[in-house]
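Tertiary structure, described
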Amino acid sequence: MPDCIFCKIANHEIPSTIVYEDDKVIAFDDLNPQAPVHTLVVPKAHYENIIDGVPGDVLEAMAHAVGEVARAKGLEAGFRVITNTGAAAGQTVMHLHWHVLGGRDLGEGLV
Ligand code: AMP
Ligand code: ZN
């Protein structure tokens, strides 16, 4: 998608702080972190969100990347994975991404 910021990051056209990368997925630190660790796991192919017909191998690669991020960031104590889906859920970048949040006690608010 030509004007998609996460497509550009996946293609290395825009710089990011990359935490993990393979042929299907890139994980990079969020520009506006909501926790001490806030990393985005993003498929390199463009899907609008989790209900946009995402193939199983892409979902598997994203799940693998979550584990790689957790290890790289030392999140053994626990972390949260969130994917906002649609404007009413606060999705602002319309390219599928999972937020990996941790590095502090996240408590029990909002799941
Ligand atoms: P969402 O609101 O779920 O769509 O999340 C989009 C996230 O992308 C927000 O947390 C932003 O801070 C983050 N973001 C937007 N642009 C960039 C960028 N260039 N590099 C890293 N994170 C970004
Ligand atoms: Zn995109």
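Residues numbered from 1 in each chain as written. Chains lettered and ligands numbered in written order. Predicted model: local features only at pLDDT ≥ 70, side-chain atom pairs only at ≥ 80, totals over all residues. Heavy atoms only, no water.

**Quick notes on the coordination of the zinc ion (ligand 2)**
The following threshold applies: Shown as donors are all N, O and S atoms within 2.8 Å of a metal ion, widened to 3.2 Å for Na, K and Ca; because water is not in the atom set, sites may appear incomplete. Any site counts as irregular unless it has four donors with all angles between 85 and 135 degrees, making it tetrahedral, or four or six donors with opposite ones more than 155 degrees apart and the rest between 65 and 115, making it square planar or octahedral. Strands here are runs of E lasting at least two residues and helices are runs of H or I lasting at least four, both read from the DSSP assignment and numbered beginning at the N terminus. The rule is simple: take the accessible area with a 1.4 Å probe, protein chains only, and divide by the maximum for that residue type; under 20% is buried, over 50% is exposed, in between is partly exposed.
At this site the zinc ion (ligand 2) is bound by Cys4 (SG), Cys7 (SG), His46 (ND1) and His95 (ND1), with donor distances of 2.0 to 2.3 Å. Around the zinc ion (ligand 2) sit four donor atoms; with metal-centred angles ranging over 104 to 116°, the donor geometry is tetrahedral. Read from N- to C-terminus, the donor residues coordinating the zinc ion (ligand 2) fall into the pattern C-x2-C-x38-H-x48-H. Linking His46 in the loop between β3 (37-43) and α2 (56-73) with His95 in the loop between β4 (79-82) and β5 (98-102), this pair joins segments that are 49 residues apart in sequence. Classification of His46 as partly exposed rests on a relative accessible area of 25%. Residue His95 is classed as buried on the basis of its relative accessible area of 0%.

**Details of the site of ligand 1**
Where we set the bar: Neighbouring residues are identified by heavy atoms, a residue being near a molecule or strand if any of them is within 4 Å of it. Whenever a nitrogen or oxygen atom comes within 3.5 Å of another N or O atom, the pair is scored as a polar contact, on the condition that within protein one atom can donate a hydrogen and the other can accept it, and that pairs from neighbouring residues in sequence are kept only if both atoms are in side chains. The Shrake-Rupley method, run with a 1.4 Å probe sphere, supplies the accessible areas, and residue values consider only the shown protein chains as cover. As defined here, a cavity is a set of points on a 1 Å grid over the protein atoms alone where a 1.4 Å probe fits but cannot get out. A pocket is an open set with protein on both sides within 12 Å along at least five of seven lines, and residues line them when an atom is within 4 Å of a point. A pocket or cavity is taken to hold a molecule when more than half of that molecule's atoms are within 2 Å of the pocket's grid points. Residue type decides the class: Asp, Glu, Lys and Arg count as charged, Ala, Val, Leu, Ile, Met, Phe, Trp, Tyr, Cys and Pro as nonpolar, and the leftover types, Gly among them, as polar.
With respect to spatial proximity, 16 residues lie near ligand 1, and among them Asp30, Asn84, Gly90, Thr92 and His99 are the closest. Within the backbone of Gly90, one N or O atom sits 2.8 Å away from an oxygen atom of ligand 1. Considering ligand 1 on its own, with 500 Å² of exposed area, one finds that the protein chains cover 84% of that surface. Of the pockets mapped on this structure, ligand 1 occupies the largest pocket. Sorting the residues of the shell around ligand 1 by element identifies α1 (5-10) and β2 (25-29) as the ones contributing at least two each. At three residues, the largest contribution of residues to the shell around ligand 1 is made by α1. Classifying every residue of the shell around ligand 1 gives seven nonpolar, seven polar and two charged.

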